[in-house]
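For reference, the chains in residue letters:
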Amino acid sequence: MKILYIAPKSPAPIIDGGCFAMMECLKGLSQIAEVDGIILETYKHPYTKESERILKQYLKSQMVVPINTEIKPTGALVNFIQRKNYNLSRFRSEKLYHEIAKQLTKEYDYIVCDSLFAAAQLSHFDFKDLAPVIIRSHNVESEIWKLQANMETSVLKRFYLRNLEKTLRREEIEILNKAAVIWAISDEDQQWIIQHTNQKNARLLPVSVTVDSTIEVDYKNNGFFHLGSMDWKPNQEAVNFLVRNLWSNPTISNFPLKIAGSKSEHFSFYTTDAIQVVGWVKDSNDFMSKSGTLVTPIRSGSGIRIKLLEAMALGVPCITTKLGAAGIDTEKSGIQLADSEESFVELILKFRENELFRQEVGKKSRDYISKVHSFDTCIALMKDTFGG
């Protein structure tokens with residue numbers, strides 16, 4: 001079997017949750033079929049020698065297409081006037097169209113687009129003339145912008161975000177309807193696709209996460225941390241909420257809190273005697289296993305939080321919101337939920353004071369990941385799609 005794999009950025013090296021999910025998808029596909037890749041190179045995610053070295057383990061061939069996804073006011077205005085979605089249009093170009101057309105002269109059994117943005121350029125082709133298209137949906141993208149608009153206090157910004165959400169929803173549904181199969185990353189996203197589109201083949205495909213039994217979590221550490229790429233708006237909001245709404249509470253304000261992840265150094269102004277801004281960490285597993293309890297008050301976004309799954313796979317105790325735990329069975333996984341400032345503070349105090357509780361929650365989470373998000377489970381679901 002031959003598959004054409006299209007990614008909106010280089011999955012390697014893994015620098016954020018999106019890259020992690022893409023690499024797991026690609027690893028699974030390479031176990032099943034011969035895979036050629038079209039990789040978009042963006043200014044945020046340059047294609048490097050390390051990218052080539054890692055990806056050649058899973059791809060028979062790699063076609064790298066540079067694409068300018070930088071946000072430009074003129075581009076945003078033109079798309080606004082034309083009632084097109086600017087988020088998706090930035091992932092389309094004449095060069096990309098011709099490169100994909102050239103690659104499609106080869107015979108493929110399936111085309112796998114790793115995200116809606118990877119499928120954006122394909123919308124200019126007649127899907128009836130293509131091999132069956134599978135879209136790996138990482139989020140319901142329009143839902144992210146809907147929540148952003150709901151939270152925006154500026155009237156003008158809210159108006160613009162509403163427009164982005166409206167145009168994105170229309171185009172998102174159009175693209176999803178054309179695909180042969182949708183691989184949804186969470187139960188919630190799968191249900192949204194079933195309810196809002198004409199798509200009859202939306203399947204659940206969790207992200208596979210490896211449980212590393214060689215790493216031991218330090219349950220004696222009663223501190224707290226947040227880890228995530230600060231390029232992502234929901235992570236920015238989570239950190240702002242952590243510091244401004246939670247760590248301003250005198251009950252917990254002296255508890256140690258580490259803020260880490262790509263671009264987190266831009267939040268160094270939050271540094272206090274209790275709050276440490278770490279920046280990017282080279283080994284996230286080592287960092288998480290030694291930093292106490294993960295607190296991630298996610299208040300917007302869609303899909304599933306990869307860093308949360310990675311922490312759970314290690315056995316790190318975690319606190320998040322109901323939205324942050326989307327796609328996770330909260331009863332079976334041990335993950336602790338809080339949605340108000342009061343409930344967050346209550347749980348933080350409980351984790352701070354009780355080592356046995358930290359250990360029980362962490363081990364329950366690790367057991368859950370080993371069953372639901374194992375590589376074998378996910379690859380079996382992939383094979384089922386391909387009829388094998």
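Residues numbered from 1 in each chain as written. Predicted model: local features only at pLDDT ≥ 70, side-chain atom pairs only at ≥ 80, totals over all residues. Heavy atoms only, no water.

Colleague: Explanation requested: the overall build of the protein in the structure shown.
Modeller: The helix and strand tally for the protein stands at 16 helices and 13 strands. For the protein, whose C-alpha radius of gyration is 21 Å, the value lies close to the compact-globule estimate of 21 Å for 388 residues. Taken over the C-alpha atoms alone, the protein extends approximately 60 × 50 × 40 Å along its principal axes. Here the protein holds 388 residues, and 55% of them are scored as buried. Sequence separation of at least 24 residues holds for 68% of the intrachain contacts in the protein that already meet a minimum separation of 6. Of the roughly 17,600 Å² of accessible surface on the protein, 50% is carried by carbon and sulfur atoms. Where the 48 positive side-chain charges of the protein centre and where its 47 negative ones centre are 3 Å apart. (Helix = DSSP H or I, 4+ residues; strand = E, 2+ residues; numbered from the N terminus. Rg over C-alpha atoms; globule rule 2.2 N^0.38 Å. Buried < 20%, exposed > 50% of the residue type's maximum accessible area, 1.4 Å probe, protein only. Contact = heavy atoms within 4.5 Å. Areas by Shrake-Rupley, 256 points an atom, 1.4 Å probe, with all protein chains shown as cover. Lys, Arg positive; Asp, Glu negative; His and termini not counted. Charge placed at Lys NZ, Arg CZ, Asp CG, Glu CD.)

Colleague: Sorry if this is basic, but what is going on with the environment of Ile14 here?
Modeller: Its location among the elements puts Ile14 in the loop between β1 (2-7) and α1 (17-32). We classify Ile14 as partly exposed; its relative accessible area is 43%. Sequence separation between Ile14 and Ser51 is 37 residues, and the spatial gap between their C-alpha atoms is 9.2 Å.

Colleague: I'm lost on the nonpolar core in this one. Help?
Modeller: The tendency in soluble globular proteins is for nonpolar side chains to be buried side by side. Core analysis: the largest hydrophobic core is formed by 37 residues, its most contacted members being Ile6, Ile38, Ile111, Cys113, Leu122, Val133 and Ile135. Other than its neighbours up to four places away in sequence, Val133 contacts Ile111, Cys113, Leu122, Phe127, Ala179, Ala180 and Val181. (Core = buried A, V, L, I, M, F, W, Y, C linked by side-chain atoms within 4.5 Å.)

Colleague: Whenever I open this one, the sheet that holds strand β10 (residues 275-279) confuses me. Can you help?
Modeller: Within a sheet, each strand pairs with its neighbour through backbone hydrogen bonds, oriented either parallel or antiparallel. Pairing is parallel in the open sheet, where six strands are placed in the order β10-β9-β8-β11-β12-β13. Only two strands of the sheet have a single partner each, and these edge strands are β10 and β13 (336-337). Lying on the sheet, helix α14 (residues 341-353) is in contact with β8 (224-227), β11 (293-296), β12 (318-320) and β13; it crosses β12 at an angle near 175 degrees. (Pairing = 2+ DSSP bridges. Axes fitted to C-alpha atoms, helices over the stretch in contact; angles between N-to-C directions.)

Colleague: What exactly am I supposed to notice about the side chain of Thr197 here?
Modeller: Looking at the secondary structure, you find Thr197 in the loop between α9 (187-196) and β7 (202-204). Within the local environment of Thr197, its side chain forms a polar contact with the backbone oxygen of Ile193, the two atoms lying 2.6 Å apart. Of the polar contacts made by the side chain of Thr197, one reaches the backbone nitrogen of Gln199; its length is 3.0 Å. Beyond its immediate chain neighbours, meaning those up to four positions away, Thr197 contacts Ile173, Leu176, Asn177 and Trp192. (Polar contact = N/O pair within 3.5 Å; in protein donor to acceptor, adjacent residues only side chain to side chain.)

Colleague: Honestly, the environment of His196 in this entry has me stumped. Any pointers?
Modeller: Within the secondary structure layout, His196 lies in helix α9. His196 sits 158 residues away from Asn354 along the chain, and the two C-alpha atoms are 44 Å apart. If we skip the residues at most four places from it in the chain, His196 touches Arg169 and Ile173.

Colleague: Is there a simple way to explain helix α5 (residues 94-103) in this structure?
Modeller: Owing to its 3.6 residues per turn, the α-helix brings residues three or four apart onto one side. The set of residues buried in α5 consists of Leu96, Glu99, Ile100 and Gln103. Taken around the axis of α5, the buried residues stretch over an arc of 100 degrees, which confines them to a single face. Facing away from the buried side of α5, by more than 90 degrees, are the exposed residues Glu94 and Lys102. In this structure, the buried residues of α5 make contact with β1, β2 (34-41) and β3 (61-66). (Arc of directions from axis to C-beta.)

Colleague: What's the story with the pairing of strand β4 (residues 110-114) in this structure? I'm lost.
Modeller: Residues in a regular strand project their side chains so that they alternate between the two faces of the sheet. Most of β4 is tucked away: five of the five residues are buried. The alternating pattern of β4 places Tyr110, Val112 and Asp114 on one face and Ile111 and Cys113 on the opposite face, and all of these are buried. The pairing of β1 with β4 spans four bridges and is classified as parallel. The residue bridging Tyr5 from the neighbouring strand is Val112, located in β4. Sheet analysis places β4 next to strand β5 (residues 133-137), joined by four bridges and oriented parallel. The partner of Ile111 across the bridge, within β5, is Val133.

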